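This is what each chain is made of:
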Amino acid sequence: KAAGRNTYRFFTLEMNADLQDQMRLTGDLSRALRQGEFRILFQPQVDLRDGRITGAEALVRWQHPTEGLVAPARFIPLAERSGHIVPIGEWVLNEACRAARQWMDQGLPPLVVAVNLSALQFKRGNVLEMVSAALAASGLPAHCLELELTESVLLQDEEATMATLRSLKALGAKLSIDDFGTGYSSLSYLKRLDVDKLKIDQSFVRDILTDGDSASIVEAIIQLGHILQLEVIAEGVETDAQLAFLRASRCDEAQGYLFSRPVTAEAFAQQARHGVRWPG
Ligand code: C2E
Ligand code: MG
Ligand code: MG
Ligand code: MG
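Residues numbered from 1 in each chain as written. Chains lettered and ligands numbered in written order. Predicted model: local features only at pLDDT ≥ 70, side-chain atom pairs only at ≥ 80, totals over all residues. Heavy atoms only, no water.

As annotated in an unreviewed UniProt entry, the protein chain carries the name EAL domain-containing protein and comes from Thiobacillus sedimenti.

As structure tokens, then:
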């Protein structure tokens, strides 16, 4: 399909190996959950006015017994196709809420934990029930939880999804739109839905200084967000020059390797206590 219409490829040995690899990993997913092979790392989100840590995004990792660390880019798409993303996503949510409650109990300043949700979780799972249960089990206040939605969730435009999202807001949880600008952007959901935050996709941030269009898009998203009274966060910030551009453009927050890679819950707690690298 990637080669376009009216072309065909022989089913090569290499493709076969690739497919076998995917099938094997998919088969391993159910065991992985039972055996506790998943981990979560947390990546700090930083206030661009003062460098203060406002919270962290929870990012899942798979410690495979023979493959080593499997990246989400490799297994999340498989888990979405096989349906395993529903229980995996529930596990991530519960663990993230538990970690955030521990940060509270350790006396850290107020922090928000952001959790990624897949479209399939809305289709197949009971997201509202899952979130309420995770908050109740952990004792985390709802306003300390943010749910990251991709445009694919919002474009499902099923009344059921919209109703769930409204109920999540009513609970007190925050909603953000992940990878903003990369989907089949229909802006109408911004009108219909009470979201709190836009996350500018890292592909735009990466090219801020080298590509005029990317820079303009980033500025436009920040302005759009602010007109709608939303917070705007930039993801994938790696350099001081990108940071300077974002601060000059009045972006609210940032997340990226410049501040920290994703780290364990304990390491994140240390950062929240002592701060991360901040210029000037
Ligand atoms: P995302 O939600 O857009 O997460 C941001 C990704 O960018 C993460 O990759 C993060 O490690 C990476 N990143 C952060 N800062 C930088 C930077 O400065 N430079 C570069 N090049 N990359 C940076 P990761 O952890 O590999 O996750 C990839 C994607 O997998 C996530 O993209 C998200 O879509 C998905 N994912 C991760 N955890 C979960 C989960 O628990 N549930 C679901 N449904 N999806 C998840
Ligand atoms: Mg995300
Ligand atoms: Mg993102
Ligand atoms: Mg992204």
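Peer 1: Which residues make up the pattern of salt bridges, and what values do they have?
Peer 2: Tallied over the entire structure, the rule returns 21 salt bridges. Between Arg-98 and Glu-95 there is a salt bridge, with the nearest N and O atoms lying 3.0 Å from each other. Note that Arg-98 and Glu-95 are positioned in helix α3 (residues 85-105) at a spacing of three residues, about one turn of the helix. Accessibility expressed as a relative area gives 45% for Arg-98, which makes it partly exposed. (Salt bridge = Lys/Arg side-chain N within 4 Å of Asp/Glu carboxyl O. Helix = DSSP H or I, 4+ residues; strand = E, 2+ residues; numbered from the N terminus. Buried < 20%, exposed > 50% of the residue type's maximum accessible area, 1.4 Å probe, protein only.)

Peer 1: Give a detailed account of the packing of helix α5 (residues 127-138) against helix α7 (residues 159-171), specifying residues and quantitative values.
Peer 2: The interhelical angle for the contact between α5 and α7, taken along N-to-C directions, is 20°, at an axis separation of 9 Å. Considering their axes alone, α5 and α7 lie roughly parallel with respect to each other. The two elements α5 and α7 meet at a crossing, and its hand is right-handed. Residues Val-127, Leu-128, Val-131, Ser-132 and Leu-135 of α5 form the contact with α7, whose participating residues are Thr-164, Ser-167, Leu-168 and Leu-171. Split into classes, the residues belonging to the contact of α5 with α7 amount to six nonpolar, three polar and no charged. (Axes fitted to C-alpha atoms, helices over the stretch in contact; angles between N-to-C directions. Parallel < 35°, antiparallel > 145°, perpendicular 65-115°, else oblique. Left-handed = near helix turned anticlockwise from the far one by under 90°. Contact = heavy atoms within 4.5 Å. Nonpolar A, V, L, I, M, F, W, Y, C, P; charged D, E, K, R; others polar.)

Peer 1: Break down the coordination of the magnesium ion (ligand 3) for me, with residues and values.
Peer 2: Protein-derived ligands of the magnesium ion (ligand 3) are Asp-178 (OD), Asp-179 (OD), Glu-235 (OE) and Glu-235 (OE), with the metal-ligand distances lying across 2.0 to 2.7 Å. Mapped onto the sequence, the donors of the magnesium ion (ligand 3) take the spacing D-D-x55-E. Here the magnesium ion (ligand 3) and the magnesium ion (ligand 2) are spaced 3.5 Å apart, with Asp-178 acting as a shared donor. Taken together, the residues Asp-178 in strand β6 (residues 174-180) and Glu-235 in strand β8 (residues 231-235) connect sequence positions 57 residues apart. (Donors = N, O, S within 2.8 Å, 3.2 Å for Na, K, Ca; no water.)

Peer 1: Lay out the packing of aromatic side chains with the relevant residues and their values.
Peer 2: Summed over the entire model, instances satisfying the criterion amount to seven aromatic pairs. Taking the centre distance of 5.0 Å and the plane angle of 80° together, the rings of Phe-42 and Trp-103 count as edge-to-face. With a gap of 61 residues between them, Phe-42 in strand β1 (residues 38-47) and Trp-103 in helix α3 connect regions that are remote in the sequence. In this pair, the class of Phe-42 matches that of Trp-103, namely buried. With centroids separated by 6.3 Å and ring planes inclined at 25°, the aromatic side chains of Phe-259 and Trp-278 adopt a geometry described as stacked. Of the two residues, Phe-259 sits in the loop between β9 (253-255) and α12 (265-274) while Trp-278 sits in the segment after α12, which places them 19 residues apart along the sequence. A relative accessible area of 7% means that Phe-259 is categorised as buried. Site record: aromatic cluster; members linked through ring pairs are Phe-38, Trp-62, Phe-75 and Trp-91. When the ring centre of Tyr-257 is taken as reference, the NZ or CZ atom of Arg-261 above it lies at 3.8 Å. (Phe/Tyr/Trp six-rings, centres within 6.5 Å; stacked < 30°, edge-to-face > 60°. Lys NZ or Arg CZ within 6 Å of the ring centre and 35° of its normal.)

Peer 1: Quick rundown of the site of ligand 1? Include the residues and the values.
Peer 2: Taken together, 22 residues sit near ligand 1, with Arg-61, Ser-118, Asp-178, Glu-238 and Tyr-257 positioned nearest. Here a nitrogen atom of ligand 1 and a side-chain polar atom of Gln-43 are 3.0 Å apart. Asn-116 is positioned such that a nitrogen or oxygen atom in its side chain is 3.0 Å from an oxygen atom of ligand 1. Surface burial for ligand 1 is 82%, taken as the share of its 800 Å² of free accessible area covered by protein chains. Listing elements by their share of the shell around ligand 1, those giving two or more residues are β2 (53-64), α2 (72-82), α3 and β6. Looking at the shell around ligand 1 element by element, the count peaks at four residues for β2. Counted by class, the shell around ligand 1 contains nine nonpolar, six polar and seven charged residues. (Near = heavy atom within 4 Å. Polar contact = N/O pair within 3.5 Å; in protein donor to acceptor, adjacent residues only side chain to side chain. Areas by Shrake-Rupley, 256 points an atom, 1.4 Å probe, with all protein chains shown as cover.)

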